[in-house]
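Inside the fold
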Amino acid sequence: MGQPVREYLLTLCVTVAVTYLLTGPVRKFAIAAGAMPEIRARDVHREPTPRLGGIAMFGGLCAGLLVADHLQNLNGVFELSNEPRALLSGAALIWLIGVLDDKFEIDALIKLGAQMIAAGVMVMQGLTMLWIPVPWIGTVALTQWQGNLLTVALVVITINAVNFVDGLDGLAAGMVCIASAAFFLYAYRIWFGYGIEAAAPATLFSAILMGMCLGFLPHNMHPARIFMGDSGSMLIGLVLAAGAISITGQVDPDTMALFAGGERNATHAMLPVFIPLLLPLTIIAIPMTDLILAVVRRTWNGKSPFAADRGHLHHRLLELGHSHSRAVLIMYFWSGLIAFGAVAYSVHSASMWIVLVIVALSAVGLVLLLLPRFTPRAPRWAEFLVPPRYRHAERAAEAAALDDSGLEPEPARPIVVGVSGVNGATAVGPRSRFPDRRKAGSAR
């Protein structure tokens, strides 16, 4: 196979376009079907928002696989491996369960059983762990039952981790997109850097997953017009897990000729083998930390560990004073730092500059966390590229209004979650830029 850079780009663009174009009609269908649950006490949005965004994302997945199957270089992935078909089978099952849950609120145990069945369907078609790299030990071959159980566990954990982090507009889709972009760079390097074609399915999965998230994000960014729901969060979690399983359990480290040049060189060379085990943690790390803290917090207060509350990480970022968009961007930052830092370290593990850059960026992230009310201002030459609140002209207009009236501008109204009659779906105030359509003669 040649290097199908253009074919990957075409597959990515088709997946983005199909997902984006389908999301609008899916939103109308969700409203007509009544897939707009009432606002719960722990929700951040302030008006009912349709779900079922996973329908559009599943359409993007099917379109991406269909296009790749008809391309000259990527067609070999389908001929040499049954993994794309295994992914589609498991994705269809988990997507169907998610759609039913978005509409009818399926019991948690039923969803857990469906996740295990979907993972089992992929295992039966060959998408399973054959061996696993263990630090300081090497590659450990797994028995059939060990590989199957490990595969099912990884799929279930990743699906629920992505589902758990889906608490703010655009958060889950953006974090998965960042992780899949880093995973694509790693998988592509394994495929063409080491000439291992067994990494081709994981490379294709990560490119399609990026397209699914990028196509859905414009509709899901704050203020979101539609949520992906469980049909979307479980779907992208399964695709992410499938890529990790494919490249970790199918690629034989011995084919990478890692143990040449002494023990020190072998140790550094083995690092890329462990990266597939680390990259899914870029999604799991934040929600798993949140989960552990939630269990400790609820148990300490004498409540059930499964009792819902408003103590999650994204809720705490809002309580610190961060806006909805800023909280999402901060979590994007940490996800990208972990994902791309791991990939960069796998390429140049002996370079101290990689560690220094990661430490410096971590310090920047901590500063952003501690300065929630700091509003940066863009240079004048770049003002047209940023929202109005980051422009100097906005500050000048406020000063002029203060001089003319002699009064200070009216402060923003406080956030009141769950109060009926409040217009808008934001977490920082009313959506004044959206006109009331009823005043224009609308029938609504």
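Residues numbered from 1 in each chain as written. Predicted model: local features only at pLDDT ≥ 70, side-chain atom pairs only at ≥ 80, totals over all residues. Heavy atoms only, no water.

Focus on the environment of Asn 160
Relative to the helices and strands, Asn 160 is located in helix α6 (residues 144–165). According to the relative accessible area criterion, Asn 160 is partly exposed, its value standing at 32%. Engagement of the side chain of Asn 160 in a polar contact is seen with the backbone oxygen of Val 156, the distance being 2.7 Å. (Helix = DSSP H or I, 4+ residues; strand = E, 2+ residues; numbered from the N terminus. Buried < 20%, exposed > 50% of the residue type's maximum accessible area, 1.4 Å probe, protein only. Polar contact = N/O pair within 3.5 Å; in protein donor to acceptor, adjacent residues only side chain to side chain.)

Describing the pattern of salt bridges
Going through the model one piece at a time under the given rule, you end up with three salt bridges. In this structure, Glu 105 engages Arg 51 in a salt bridge whose closest nitrogen and oxygen atoms are separated by 3.4 Å. Taken as a pair, Glu 105 in the loop between α4 (83–104) and α5 (108–124) and Arg 51 in the loop between α1 (5–33) and α2 (54–69) lie far apart in primary sequence, 54 residues in all. The salt bridge involving Asp 101 is made with Lys 111; its shortest N-O contact spans 3.5 Å. Placement of Asp 101 in helix α4 and of Lys 111 in helix α5 is noted, with a sequence separation of 10 residues between them. Taking relative accessible area as the criterion, Lys 111 reaches 15% and is therefore assigned buried. A single salt-bridge network, built from bridges that share partners, covers Asp 101, Lys 111 and Asp 230. (Salt bridge = Lys/Arg side-chain N within 4 Å of Asp/Glu carboxyl O.)

What about the packing of aromatic side chains?
Overall, the coordinates contain nine aromatic pairs when judged by the stated rule. Between Phe 58 and Trp 95, the ring centres sit 4.5 Å apart and the planes meet at 10 degrees, which makes this aromatic pair stacked. Linking Phe 58 in helix α2 with Trp 95 in helix α4, this pair joins segments that are 37 residues apart in sequence. Each member of the pair, Phe 58 as well as Trp 95, is classed as buried. Site record: aromatic cluster; members linked through ring pairs are Tyr 8, Phe 184, Tyr 188, Trp 191 and Phe 192. (Phe/Tyr/Trp six-rings, centres within 6.5 Å; stacked < 30°, edge-to-face > 60°.)

Describing the side chain of Glu 7
As for its placement among the helices and strands, Glu 7 is situated in helix α1. At 7.2 Å, Arg 6 is the nearest oppositely charged side chain to Glu 7, a buried residue that forms no salt bridge. In contact with Glu 7, not counting residues within four places along its chain, are Leu 71, Gln 72, Asn 73 and Leu 74. (Lys, Arg positive; Asp, Glu negative; His and termini not counted. Contact = heavy atoms within 4.5 Å.)

Considering the confidence of the model for the chain
Scored by pLDDT, the chain comes out at a mean of 77, with 67% of its residues at no less than 70. For the chain, the element scoring lowest by mean pLDDT is helix α15 (residues 392–405), at 51; α2 scores highest, at 96. In this model, residues 402–444 is a region of pLDDT below 50 whose contacts with residues beyond four sequence positions or in other chains number 45 contacts. (pLDDT = per-residue confidence, 0-100.)

Some details on a nonpolar patch on the surface
Side chains of Tyr 345, Met 352, Trp 353, Val 355, Leu 356 and Val 359 sit close together on the surface and give an oily, nonpolar patch of about 630 Å² of accessible area. Of all the elements, helix α14 (residues 352–370) adds the most residues to the nonpolar patch, at five residues. Topologically, Met 352 is positioned in helix α14. (Patch = residues over 30% accessible without salt bridge, like charges linked within 9 Å, V, L, I, M, F, W, Y side chains within 5 Å. Areas by Shrake-Rupley, 256 points an atom, 1.4 Å probe, with all protein chains shown as cover.)

Things to note about the environment of Val 26
Structurally, the position occupied by Val 26 is in helix α1. Since its relative accessible area comes to 8%, Val 26 is described here as buried. Taking the C-alpha atoms as reference points, Val 26 and Ile 55, 29 residues apart in sequence, are found 7.0 Å from one another. Leaving out residues up to four positions away in the same chain, Val 26 has contacts with Leu 52, Gly 53, Ile 55, Ala 56 and Ile 226.

Details of the side chain of Thr 11
Mapping Thr 11 onto the fold places it in helix α1. The class of Thr 11 is buried, set by a relative accessible area of 0%. A distance of 2.9 Å separates a polar atom in the side chain of Thr 11 from the backbone oxygen of Glu 7. Once residues within four sequence positions are removed from consideration, Thr 11 is found in contact with Gly 64, Val 67, Ala 68, Leu 71, Leu 74, Leu 204 and Ile 208.

Here we look at the packing of helix α7 (residues 171–193) against helix α9 (residues 229–249)
Viewed as axis vectors pointing N to C, α7 and α9 meet at an angle of 20 degrees, and their least axial separation amounts to 11 Å. Between α7 and α9, the angle falls in the class roughly parallel. Here α7 runs over α9; the crossing is left-handed. Of α9, the residues touching α7 (which contributes Ala 172, Val 176, Phe 183, Tyr 186, Ala 187 and Ile 190) are Ile 236, Gly 243, Ala 244 and Ile 247. (Axes fitted to C-alpha atoms, helices over the stretch in contact; angles between N-to-C directions. Parallel < 35°, antiparallel > 145°, perpendicular 65-115°, else oblique. Left-handed = near helix turned anticlockwise from the far one by under 90°.)

Observations regarding the nonpolar core
Formed by 90 residues in total, the largest nonpolar core has its most connected members in Leu 61, Leu 204, Ile 236, Leu 238 and Ile 247. A per-element tally of this core places α7 first, with 16 residues. Setting aside residues no more than four positions away along its own chain, Leu 61 makes contact with Leu 87, Ala 91, Ile 208, Met 212 and Leu 235. (Core = buried A, V, L, I, M, F, W, Y, C linked by side-chain atoms within 4.5 Å.)

Notes on helix α8 (residues 200–220)
Residues spaced three or four apart along an α-helix point in a common direction, a consequence of the helix completing one turn every 3.6 residues. Taking 1.5 Å per residue, 21 residues should reach 30 Å; α8 reaches 30 Å between its end C-alpha atoms and fits that length. A large share of α8 lies buried, amounting to 19 of its 21 residues. (Expected span 1.5 Å × (residues − 1).)

Observations concerning the packing of α7 against helix α13 (residues 324–347)
Where α7 meets α13, the closest approach of the two axes is 9 Å, and the angle between their N-to-C directions is 10 degrees. Put simply, α7 runs roughly parallel to α13. Residues Leu 171, Gly 174, Met 175, Ile 178, Ala 179, Ala 181, Ala 182, Leu 185, Tyr 186 and Arg 189 of α7 touch α13, and the partners they reach there are Val 328, Met 331, Tyr 332, Ser 335, Gly 336, Ala 339, Phe 340, Val 343, Ser 346 and Val 347. Within the contact of α7 with α13, the residues separate by chemical class into 15 nonpolar, four polar and one charged. (Nonpolar A, V, L, I, M, F, W, Y, C, P; charged D, E, K, R; others polar.)

What to know about the environment of Val 155
Mapped onto the fold, Val 155 is located in helix α6. Given the relative accessible area of 0%, Val 155 is considered buried. Sequence spacing of Val 155 and Ala 242 is 87 residues, and the spatial spacing of their C-alpha atoms is 7.3 Å. Ignoring anything within four residues of it in the chain, the contact list for Val 155 reads Ala 119, Met 122, Leu 238, Ala 241 and Ile 245.

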